[in-house]
Structure formats: structure tokens, C-alpha cells
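# Commentary on secondary and tertiary structure
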Amino acid sequence: MKKLANIALGILTSVGGYLEVGSMGTALQAGAAYRYQLLWAIVAGTICVAFLVEMTGRLAAVSHHTLVDAMRKHFGFTFQIWPLTAQIVVDLFVLASEIGGASLALELATGVSIRVWVIPVAVLVWLVLWLGSFGAIERGVAVLGLVTLCFVLAALWLHPDWRDVARHVVPRRPDRDPAQYAYLAVGILGATISPYLVSFYSSGAVEEKWSLKDLMPNRIVAGVGMGFGSTVSAAILIVAALVLAPRGILAGSYEQAAAILTVPLGRWGFWLFCASLFIGCVGAAFELALDVSYITAQTFGWNWSENQKPAAGPRFSLVYTAAILVATVPSLLGIDPLKLTMFSMALTVVMLPLITAPLLVLMNDKRLLKRYANGWITNVAVVVIILLSFTLAVLAIPVQIMGA
Amino acid sequence: MIRKARTLVLLAAATFACSPSPNAAFARKVEQAASWAAAAEFADSMRTAGRVPQGYIEDLFEHGAEDVAELEKQVSADEHMPASVRSRASTLCARLAAAFRTSTEAKAANVGELRTTGAELRRLAVAVRSGAADEAAGAVR
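All values reported here derive from a predicted model rather than from experimental measurement.

### Side note on the overall build of chain A
On a plain count of helices and strands, chain A comes out with 20 helices and zero strands. Its C-alpha radius of gyration of 20 Å places chain A within 12% of the 22 Å reference for a compact globule of 404 residues. Judged by the C-alpha coordinates and their principal axes, chain A covers about 55 × 50 × 45 Å. The buried share among the 404 residues of chain A stands at 61%. Excluding contacts between residues fewer than 6 apart, the proportion of contacts in chain A whose partners are at least 24 apart in sequence is 85%. Surface exposure of chain A reaches about 15,200 Å², of which carbon and sulfur atoms provide 71%. Of the side chains in chain A, 25 bear a positive and 20 a negative charge, and the two mean positions are spaced by 7 Å.

Structure, rendered in C-alpha cells:
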């Protein structure tokens, strides 16, 4: 019974904590510009992230090491510095996008400029991390994040042609502008296969002292939880395809897309959009700021845990404080949150091989994982999707820069 | 060494194959401007129905005016396109930015102007994408 409750809680956490500025922004733009044509990118990204999350959970349950910890022990500190640097850069950009997204949600709701909200949002994120524990933050975000299910409700309400939707689960040639199509695909893949999710999940598993008996719940949570979570992204894409695309609205900024839910959900739609954007972004900001602390502390071998008082791990608390501070800069400078998001997602995909390749090596190490090492299906699935994402990014990003 | 060079050549070829034509890049900017017009018209209809707050509409007009003014600069400076097309796109963007400014002052959308300018921008984008650049400028005058 306790195991079932844990699985349910894990799935709830995956669903409630899934949506953030990247998945929301990329799905809105993809649906508005290409209708259902980019649905396959959400599916491919979800398969890959489910495998990655399952792998890091398995690593934690079998070896009692976090991903970073195991990497440092296996490859040495000098090697570990490179993936650490890559992930910190990605995390900071995405954290900046999340703080920008949450501030923009408040601007949409109040009409007061985003720049006024950046510091209060950053202080809120910092205060919750300073005062809260890992479990409380994780569950709080999960429960509040269920508001994002309004997009699923809206998609059902709009009665899409499900056969047409299903046709786009596999990639097809775009009907126009392949460069833009590839760039949006990269954005979706980057938003779905977030490296921070993987290292955060791994740290959480060690915080919660997982053991071999958690292997099955881990597998179910990774597969079902990520699957359900990604239905929220798919629902946003579907709603954008049905509401924005026919009106010629490309969702080049959140302001253009904020009324999207008012068609299926009436006056509640606008407030639900703002609430989803705010809660999704703040929830992800907690995880990202914590992730920067986790990976830094684990690389340098510091004392780390979100469950300890800040005084017991001053360096751990100092790192997330500094990360939050740095992440406020782009929004204070007036950089558009959606443009920052698209850039962050593309950067994520470029960095993915550097972050995931060492994980694959570790997961195939039979000395570390014994009979729980990776099978060939997992290896092939992850390698194919990461290579596809990376190739798309290498092709699409220069093209996008030239086009801009 | 040869393998690396071959990979680089392949990547460069693939990037070139994917690269947007100047027309597509220009059309995308024109479509972005048209998108602002469509978003404002849609949001204003939702405001009339009492589904979105007034503050949001004013915010949308303000950001629309800023972004379209920026797009106007970009289309004017795009030297890959014939002068007549640039001039047409720039004039339409300027008209749209002005419509946003008057809407901001009036606190309600200038729906007629937004709709007309948005439609003309869309027609121009379609013509530019189809490669009929010079005719595009004439067709939408």
C-alpha cells in the first residue's frame, strides 16, 4: 500500500512539476506555426527523458550515488569539471527564463511591468529554498502544478480531430519553412529532455534514501509520470493549433498567446493561463536553483542536502543564492522571456551529449550496477534521440542566427 | 582527418540545404508583424466579451507597438529584398505601429485598421514566400 502511495505521489510530482517556461513556450509556438506537425518532437523527447530519469533513479537506488557523485568517482574531478560547467551554464540560462516567465505572468495578470516583478519573484524563490525542505517543495510544486491540467481540459473541450493528431506522432516533412521547423523541434527537444530534471531526480532519490526496493516504483514513475507530464505539453500544442493558428497568431511572445484559453474556458481561461505560467515557472525555478547547488556541491564533495538548515551547509545555500541573483539579470535588462527561453532550449540540446554521454558510460558499468546495468534497448533509444537532437541543433541554430 | 573533413562538408551541405532563402526570412518578419495585428484583434474581441482584463489589452498594445516598430527597422534594412518590397513592408509596419499607439491612447483596439493592415501584411508575406517579390509589392498596394 505504501509502495502504491509512493508511486502515485511520484506520478503526481511528475505531472504537476512537468510544465515550465520551456515546454510551454515551445509548444505554443510550434502549435501556432505548424499545427500538429511538431507533436513527434514531444513524443521523442519524452521517450528519451523517461529513459534518462529511469537510469539515474536506478543508479541512485543501486549504488546510493547521485549521478554527479558517481561521475566524479568514475571519471575523476578534472573530467567532471566540463559537464559541470556545461550544466551550470544551461541551468543559469533556463533559470533566467523561468524567473522571466514567472515575472511576465504577473505582468499579464496585473498590467504592471515585468521589471517590477523580477526581484520579488527571485526573493520568493530564494525564501522558499531557504526555509523549505526538499519534500515540502517537491510536493507543494506538484500540487499547485496540477493547475496546468487546464490545458488538457481545454484540448478535450476543443474536440480536435484525433486521427489528424495521431498522424503527427511520427515526423513528416514540414509544409513550409524547414529552418524554422527544425529550430522549433530543437526547442521542444531541449525543453523536454532537460538535463536539470535528470540530475535533480538523481539528487532527490539519494535525499529520499532509495534502495533496491525502489527500482520498480522508479520505473513506473519515470515511464508513466513523464508520459502523463508530456500530455500537458502536447495539450498546449493542440490548443495553440486550434485557437492561434487559424487566426494567424504565431505566439512570438507570451502577450500574443495569453488569451488562448479564453475560447474553451471563458473568463477563467485568462487567469488559468497566468496561473499555469507563474506556477510552472516558479516550480522549475526552485528545481533549477537547487540543481545548481546539488551539482556544484557533489562535484566538489561538499556537504549537501536541501533537508538541512542553511547554516549546516553554507556553501550549498550560497550557490543557489548566487544562481538566483545572476538569473535575474536578463529580465532586468529587458530581454524578452520567450526569446531567452528559445535560446536556452537550443543551448540545452547542444550541451546534451556532454551531459548524457558520461551517464551512458556509467550505466553500462557492470562493476557499479551489477545486473542492473543498461540493456541495449535503453542504450540505443537514448543514443539515437540525443544524436538526432544534437544534429538538428547543429543545423538549425546557425540557420536561425543567419535568418535573424 | 579525411573522415573529419567529410563530416564537416556534410554538415555544411546540410546546413546550406536547410538555410532559409532571403525571401523566407523576410516573409517571417512580415508574418510576425501580421501576428501582432491578429493577436490584438483576437484579444480585443475577448475584452468585449469580458473574458480578459483591460490591463492585459493595454500591455498587449504597448508591446505590439514596440515590437512592430523594431520589425519595421529590420524589414527596411533587409538588403536581400527589392527596394519596392522593403518599402511596402516598412510602410505597413509603420501603419500597424501607429494603430497600436492610437489603440493604447484610446484604451481600445482600432479594429478596422488592425484588420486591414494585418490582412495586407499577410498577403505580402504569401507573395514574398512564393517568390513573386516585385509583384508582391504591387499586388498589395
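Having put the structure on the table, let's press on.
### So, the confidence of the model for chain A
The predicted model of chain A averages 88 in pLDDT, with 95% of residues at 70 or higher. In the model of chain A, helix H1 (residues 2-16) of chain A stands out as the element of lowest mean pLDDT, 67, in contrast to helix H8 (residues 150-157) of chain A, which has the highest, 96.

### Here's the deal with a nonpolar patch on the surface
All names here are of chain A. A contiguous nonpolar patch, built from Ile119, Val123, Leu127, Trp130, Leu131 and Leu332 and spanning about 530 Å² of accessible area, is present on the exposed surface. It is helix H6 (residues 114-131) that provides the largest number of residues to the nonpolar patch, a total of five residues. Its location among the elements puts leucine 332 in helix H17 (residues 329-332).

### Comments concerning the packing of aromatic side chains
Counted according to the given criterion, the structure contains 15 aromatic pairs over all chains. Taken together, a centroid distance of 6.4 Å and an interplanar angle of 90 degrees make the contact between tryptophan 36 of chain B and phenylalanine 100 of chain B edge-to-face. Here phenylalanine 100 of chain B lies in helix H4 (residues 83-106) and tryptophan 36 of chain B lies in helix H2 (residues 22-48), a separation of 64 residues in the sequence. In this structure, tryptophan 36 of chain B and phenylalanine 100 of chain B share a single accessibility class: buried. Among the aromatic residues, those joined into a ring-pair cluster are Phe200, Tyr294, Phe316 and Tyr320 of chain A. The ring of tyrosine 34 of chain A has arginine 176 of chain A lying over it, and the distance from NZ or CZ to the ring centre is 5.2 Å.

### A closer look at the interface of chain B and chain A
Often the size quoted for an interface is simply the accessible area lost on bringing the parts together. Every contact between the two is made by 29 residues of chain B and, on the other side, 33 residues of chain A. One can count three salt bridges joining chain B with chain A. Here aspartate 177 of chain A and arginine 28 of chain B are joined by a salt bridge, their closest N and O atoms 3.1 Å apart. With 12 residues, the top contributor of residues to the side of chain B that touches chain A is H2 of chain B. Its residues placed into classes, the side of chain B that touches chain A shows 15 nonpolar, seven polar and seven charged.

### Some remarks on H4 of chain B
Residue and element names in this part refer to chain B. Over its 24 residues, H4 extends 34 Å from the first C-alpha to the last, a length consistent with the 34 Å expected when each residue adds 1.5 Å. Among all positions of H4, only Val85, Arg88, Ala89, Ser90, Leu92, Cys93, Leu96, Ala97, Ala99, Phe100 and Ser103 are buried. Just past H4, the residue lysine 107 takes up positive phi, approximately 60 degrees.

### Some points on the pattern of salt bridges
Summed over all chains, the structure comprises 18 salt bridges over all chains. For the salt bridge of glutamate 70 of chain B with lysine 73 of chain B, the shortest nitrogen-to-oxygen distance reads 3.9 Å. Taken together, the residues span about one helical turn, with glutamate 70 of chain B and lysine 73 of chain B both in helix H3 (residues 54-77) at a distance of three residues. Salt bridges sharing common partners tie together Arg176 and Asp177 of chain A together with Arg28, Glu31 and Arg129 of chain B.

### Looking at the environment of leucine 71 of chain B
Residue and element names in this part refer to chain B. Residue position: leucine 71 is located in helix H3. The class for leucine 71 is buried, based on a relative accessible area of 3%. Setting aside anything within four residues of it in sequence, one finds leucine 71 in contact with Lys29, Gln32 and Ala33.

### Some thoughts on the side chain of glutamate 207 of chain A
Residue and element names in this part refer to chain A. The topology assignment puts glutamate 207 in helix H11 (residues 195-207). Buried charge glutamate 207 goes without a salt bridge, the closest partner of opposite sign being lysine 209 at 6.9 Å. At 2.6 Å, the side chain of glutamate 207 forms a polar contact with the side chain of tyrosine 294. Those residues in contact with glutamate 207, other than ones at most four positions away along the chain, are Phe134, Tyr294, Trp304, Ser305, Glu306 and Asn307.

### As for the state of the cysteines
Residues and elements named next belong to chain A. If you walk through the whole model with that rule in mind, you get zero disulfides over all chains. As a non-bridged cysteine, cysteine 150 has cysteine 274 as the owner of its nearest cysteine sulfur, 11 Å distant. A relative accessible area of 7% places cysteine 150 in the buried class.

### As for the environment of leucine 359 of chain A
Residues and elements named next belong to chain A. Relative to the assigned elements, leucine 359 resides in helix H18 (residues 337-363). Judged by its relative accessible area of 1%, leucine 359 falls in the buried class. A C-alpha to C-alpha distance of 9.5 Å links leucine 359 and leucine 59, two positions 300 residues apart in sequence. Look past the residues within four positions of leucine 359 in its chain and what remains in contact with it is Leu52, Met55, Thr56, Leu67 and Val198.

### Quick word on the environment of glutamine 256 of chain A
The topology assignment puts glutamine 256 of chain A in helix H13 (residues 254-257). It is 9.0 Å that separates the C-alpha atoms of glutamine 256 of chain A and leucine 244 of chain A, two residues lying 12 residues apart in sequence. Ignoring sequence-local partners within four residues, the contact set of glutamine 256 of chain A consists of Leu244, Ile249, Leu250 and Ala251 of chain A together with Ser35, Trp36, Ala39 and Leu60 of chain B. Here the side chain of glutamine 256 of chain A touches serine 35 of chain B through a polar contact of 2.5 Å, side chain to side chain.

### Brief notes about unusual backbone geometry
Note on backbone geometry: most residues besides glycine have negative phi, and most peptide bonds are trans. We note that arginine 35 of chain A has phi near 50 degrees; this positive angle belongs to a residue other than glycine. If you trace the backbone, arginine 35 of chain A turns up in the loop between helix H2 (21-34) and helix H3 (39-63). Positive phi, normally seen in glycine, also occurs at lysine 107 of chain B, with a value near 60 degrees. Relative to the elements of secondary structure, lysine 107 of chain B occurs in the loop between H4 and helix H5 (111-129).

Cut-offs and rules
- Residues numbered from 1 in each chain as written.
- Chains lettered and ligands numbered in written order.
- Predicted model: local features only at pLDDT ≥ 70, side-chain atom pairs only at ≥ 80, totals over all residues.
- Heavy atoms only, no water.
- Helix = DSSP H or I, 4+ residues; strand = E, 2+ residues; numbered from the N terminus.
- Rg over C-alpha atoms; globule rule 2.2 N^0.38 Å.
- Buried < 20%, exposed > 50% of the residue type's maximum accessible area, 1.4 Å probe, protein only.
- Contact = heavy atoms within 4.5 Å.
- Areas by Shrake-Rupley, 256 points an atom, 1.4 Å probe, with all protein chains shown as cover.
- Lys, Arg positive; Asp, Glu negative; His and termini not counted.
- Charge placed at Lys NZ, Arg CZ, Asp CG, Glu CD.
- pLDDT = per-residue confidence, 0-100.
- Patch = residues over 30% accessible without salt bridge, like charges linked within 9 Å, V, L, I, M, F, W, Y side chains within 5 Å.
- Salt bridge = Lys/Arg side-chain N within 4 Å of Asp/Glu carboxyl O.
- Phe/Tyr/Trp six-rings, centres within 6.5 Å; stacked < 30°, edge-to-face > 60°.
- Lys NZ or Arg CZ within 6 Å of the ring centre and 35° of its normal.
- Nonpolar A, V, L, I, M, F, W, Y, C, P; charged D, E, K, R; others polar.
- Expected span 1.5 Å × (residues − 1).
- Polar contact = N/O pair within 3.5 Å; in protein donor to acceptor, adjacent residues only side chain to side chain.
- Disulfide = S-S within 2.5 Å.

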